[in-house]
Amino acid sequence: MTAQEAPGAAAQANNPLANMTAFNMQDYYIGDVTESDESANQFWFRYARPFSAGDTNWILRASLPINTFPTAPDGDKETSFGDLNLFSAYLFDTGNPAVSFGVGPQITAPTAGKDELGSEKWSGGLVNVLFNGADPQFQYGYLLSWQDSFAGEDDREDANFAAFQPFAFYQLGGGTYLRAAPIWVYNLENDGYSVPVGVGIGQVIKRGKTVVNMFVEPQFSIADKGPGQPEWQVFLGLNLQFLN
């Protein structure tokens, strides 16, 4: 990565609405799960692709986790694919190509390989994303989502979740940056919640038409309620963006 390429590539490397095909592999190692004192892990595959419909621009993102969690009644750990989430966001013309704003629908399908590691519910809702990369040194934004279950197994608790992910990135130069991107979740069905915070570091490397983004971000809970919430976790990622 040259000095001229670094600021632009690094500034857009964490943009979830970037006009580039992307494939991300992200992992949450959860060191302590509330009400169990066990560890857990959630590994995510994420694929995003921009597309056009008529005169409108959209982005489609698919996310599938591999979950490893302690399960009732003995706390034995089980591992399997979790539920598949899809969202499609309409991209508004903000008048500034460095500022992205999108709104659209999302749906979650009950694809978990084991009942304990998924909701067994179909859910639908909305997603809203903002990314401001106008400043080459400091970028920020958020991902706001809500979804409610509408079909599935009657004997399982309804799924009704809201999540807010604020994110901020501070470029140190040469593709190295500081980051904070926790996800705050609230369960509207049972009033459970999780509010982690953290600061990490990342490195962006541009190789030809591929932007490679690697990072690690320890996170700690400052407020939580209910079982299955992370007391602390380490967020690791390898994000790939493919320039057209």
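Overview of the structure. (Residues numbered from 1 in each chain as written. Predicted model: local features only at pLDDT ≥ 70, side-chain atom pairs only at ≥ 80, totals over all residues. Heavy atoms only, no water.)

1. Looking at the pattern of salt bridges
Then, number 1: All told, the structure shown has four salt bridges when counted by the stated rule.
Then, number 2: A salt bridge links Arg179 to Glu217, with the nearest nitrogen and oxygen atoms 2.8 Å apart. Remark: Glu217 occurs in strand 14 (residues 210-225) and Arg179 occurs in strand 10 (residues 176-180); sequence separation between them is 38 residues. Both residues of the pair, Arg179 and Glu217, count as buried. (Salt bridge = Lys/Arg side-chain N within 4 Å of Asp/Glu carboxyl O. Helix = DSSP H or I, 4+ residues; strand = E, 2+ residues; numbered from the N terminus. Buried < 20%, exposed > 50% of the residue type's maximum accessible area, 1.4 Å probe, protein only.)

2. A closer look at a nonpolar patch on the surface
Then, number 1: Nonpolar side chains collect at one region of the surface, where Phe138, Tyr140, Tyr170, Leu172, Leu178, Ile201, Val216 and Leu236 lie side by side and expose about 660 Å² of accessible area between them.
Then, number 2: Those elements that place two or more of their residues in the nonpolar patch are strand 8 (138-152) and strand 9 (160-173).
Then, number 3: Turning to its location among the elements, Tyr170 is positioned in strand 9. (Patch = residues over 30% accessible without salt bridge, like charges linked within 9 Å, V, L, I, M, F, W, Y side chains within 5 Å. Areas by Shrake-Rupley, 256 points an atom, 1.4 Å probe, with all protein chains shown as cover.)

3. Overview of the packing of aromatic side chains
Aromatic rings considered in pairs are described by the distance between their centres and by the relative angle of their planes.
Then, number 1: Under the counting rule described, the total for this entry stands at 16 aromatic pairs.
Then, number 2: When the ring of Phe138 is compared with that of Tyr140, the centres are 5.8 Å apart and the planes differ by 25°; the resulting orientation is stacked.
Then, number 3: Overall, the relative accessible area of 36% leaves Phe138 in the partly exposed class.
Then, number 4: Using a relative accessible area of 37% as the deciding quantity, one classes Tyr140 as partly exposed.
Then, number 5: Through a chain of ring-to-ring contacts, the aromatic side chains of Phe51, Trp58, Tyr90, Phe92 and Phe101 assemble into a single cluster.
Then, number 6: Lying over the aromatic face of Trp44, Arg46 brings its terminal NZ or CZ to 4.5 Å of the ring centre.
Then, number 7: It is Arg179 that lies over the ring of Phe215; its NZ or CZ is 3.7 Å from the centre. (Phe/Tyr/Trp six-rings, centres within 6.5 Å; stacked < 30°, edge-to-face > 60°. Lys NZ or Arg CZ within 6 Å of the ring centre and 35° of its normal.)

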